[in-house]
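Listed here are the chains, written in short residue letters.
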Amino acid sequence: AIETEAVAQYEKKEFKASYDNFVKLLDMNNLPQLKGQVDTVYMYYAGRAALEASDYPEAVKMFDLAAANKYEDPFLYVFRKQAYFGAGDTAKGVAVIDEGFNKYPDNSSIMIELINYYLVTNQGDAALKLLSKAKAADPSNVSYTFAEGTLYDKMGDFANAEKSYKTCLDMNPKFFDAAYNL
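Residues numbered from 1 in each chain as written. Predicted model: local features only at pLDDT ≥ 70, side-chain atom pairs only at ≥ 80, totals over all residues. Heavy atoms only, no water.

So, the nonpolar core
Stated formally: In this text, buried Ala, Val, Leu, Ile, Met, Phe, Trp, Tyr and Cys residues form a nonpolar core when linked through side-chain atoms within 4.5 Å. Only protein chains enter the area calculation, which uses a 1.4 Å probe; residues under 20% of their type maximum are buried, those over 50% are exposed, and those in between are partly exposed. By definition in these notes, contact holds between two residues if any of their heavy atoms fall within 4.5 Å.
By size, the foremost hydrophobic cluster in this structure holds 55 residues, and its most contacted members are Tyr19, Phe63, Leu130 and Ala178. Filtering out sequence-adjacent residues up to four positions away, leucine 130 remains in contact with Phe101, Met111, Leu114, Ile115 and Tyr118.

Regarding the confidence of the model for the protein chain
In plain terms, the rule: Here pLDDT means the predictor's own confidence in every residue, given as a number from 0 to 100. Helix and strand assignments come from DSSP, with helices taken as H or I runs of at least 4 residues and strands as E runs of at least 2, each series counted from the N terminus.
When pLDDT is averaged along the protein chain, the result is 90, and 97% of the positions lie at 70 or above. Between the elements of the protein chain, mean pLDDT differs from a low of 82, seen in helix H7 (residues 108–120), to a high of 97, seen in helix H4 (residues 56–68).

Here we look at the side chain of aspartate 39
Short version of the rule: Positive charges come from Lys and Arg alone, negative charges from Asp and Glu alone, with His and the N- and C-terminal ends not counted. Just to be clear on terms, a salt bridge is a Lys or Arg side-chain nitrogen sitting within 4 Å of an Asp or Glu carboxyl oxygen.
Looking at where aspartate 39 falls in the secondary structure, it is placed in the loop between helix H2 (15–28) and helix H3 (40–52). Although buried, aspartate 39 forms no salt bridge, and the nearest oppositely charged side chain, arginine 48, lies 14 Å from it.

Notes on the environment of tyrosine 19
Mapped onto the fold, tyrosine 19 is located in helix H2. By relative accessible area, tyrosine 19 is classed as buried at 9%. Each residue touching tyrosine 19, except ones within four places of it in the same chain, is listed here: Ala46, Ala49, Ala50, Glu58 and Met62.

Overview of H3
We apply this condition: To estimate how far a helix should reach, multiply one less than its number of residues by 1.5 Å. In protein, a polar contact requires one atom able to donate a hydrogen and another able to accept it; more generally it is a pair of N or O atoms within 3.5 Å, and residues adjacent in sequence count only if both atoms are side-chain atoms.
The end-to-end C-alpha separation of H3 is 18 Å, in line with the 18 Å expected for 13 residues at 1.5 Å each. With respect to burial, H3 is a largely interior element, ten of its 13 residues being buried. Of all the residues in H3, the buried ones are Thr40, Tyr42, Met43, Tyr44, Ala46, Gly47, Arg48, Ala49, Ala50 and Leu51. The backbone nitrogen of valine 41 lies 3.2 Å from a side-chain oxygen of the residue at the head of H3, namely aspartate 39. Directly after H3, the chain includes serine 54, whose backbone phi takes a positive value near 60 degrees.

Re the packing of H7 against helix H8 (residues 124–137)
Axis angle and axis distance: for two packed helices, these are the angle between their axes and the distance between the axes, and together they describe the pair. For clarity, the cut-off: Comment: axis = line fitted to C-alpha atoms, over the contacting stretch for helices; angle = value between 0 and 180 degrees taken between N-to-C directions. Throughout this description, any angle smaller than 35 degrees is read as roughly parallel, any larger than 145 degrees as roughly antiparallel, any in the 65 to 115 degree range as roughly perpendicular, and the remainder as oblique. The crossing is said to be left-handed when, going from far helix to near helix, the turn is anticlockwise and less than a right angle, and right-handed when the turn is clockwise. In this classification, Asp, Glu, Lys and Arg are treated as charged, Ala, Val, Leu, Ile, Met, Phe, Trp, Tyr, Cys and Pro as nonpolar, and every other residue, Gly included, as polar.
At a minimum axis distance of 8 Å, the contact between H7 and H8 shows a crossing angle of 155 degrees. Viewed along their axes, H7 and H8 adopt a mutual orientation that is roughly antiparallel. Where H7 crosses over H8, the handedness of that crossing is left-handed. The residues of H8 that touch H7, namely those facing Met111, Leu114, Ile115 and Tyr118, are Gly124, Ala126, Ala127, Leu130, Leu131 and Ala134. Here the contact of H7 with H8 is composed, by residue class, of nine nonpolar, one polar and no charged.

What about H7?
Compared with an ideal rise of 1.5 Å per residue, which puts 13 residues at 18 Å, H7 spans 18 Å between its outermost C-alpha atoms and is within 8% of the ideal. Taken together, the buried positions of H7 are occupied by Ile110, Met111, Glu113, Leu114, Ile115, Tyr117, Tyr118 and Leu119. At its buried positions, H7 is contacted by helix H5 (74–86), helix H6 (90–103), H8 and helix H9 (142–154). Just past H7, the residue asparagine 122 takes up positive phi, approximately 55 degrees.

As for the pattern of salt bridges
Counted by the stated rule, this structure contains seven salt bridges. Lysine 61 is the partner of glutamate 58 in a salt bridge, and the nearest nitrogen-oxygen pair spans 3.4 Å. Taken together, the residues span about one helical turn, with glutamate 58 and lysine 61 both in helix H4 at a distance of three residues.

Things to note about the packing of H5 against H6
Direction vectors running N to C along H5 and H6 enclose 170 degrees, while the axes themselves pass 7 Å from each other. When the axes of H5 and H6 are compared, the pair comes out roughly antiparallel. From H5, Tyr77, Val78, Arg80, Lys81, Tyr84 and Phe85 reach across to H6, where they touch Thr90, Lys92, Gly93, Val94, Val96, Ile97, Glu99, Gly100 and Lys103. When grouped by side-chain class, the residues that make up the contact of H5 with H6 number seven nonpolar, three polar and five charged.

Here it is in structure tokens:
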């Protein structure tokens, strides 16, 4: 019943109540009958609920607990990074997303988190290297080509920006942002 309630509350965007119920479920694992059972799924979803409630310290705690107990999901790294950034620890957030990238190098969500970080921090060359790898893994993803154009644009390399934007429009003639930036 608590699990059903936690999930229902999450779906209704009652994230604080959802978090509280997931933590109750985790606390129940300490009962003698459950012999210290470890439920990484509850840890992960408690972290998700805390993150959605903008309770970053609790999100960090739950995601770190799930990771320490070997919860395997590439999105764990994305959400951990977001929780650390929300808590103000960007260095740890970057370390987490780098760890995720090393573990899941072909995961586009992790790659996008890293690329966005590089874009925001004006590390264009690092982002371009990552985009090159992303494009090699998924050459039909127009978003990567657009991000590449945006990077070149920010770096003042307008010839390469123009080339990337035109490639975007070749891939998708209705890609408004590429046409606008061009």
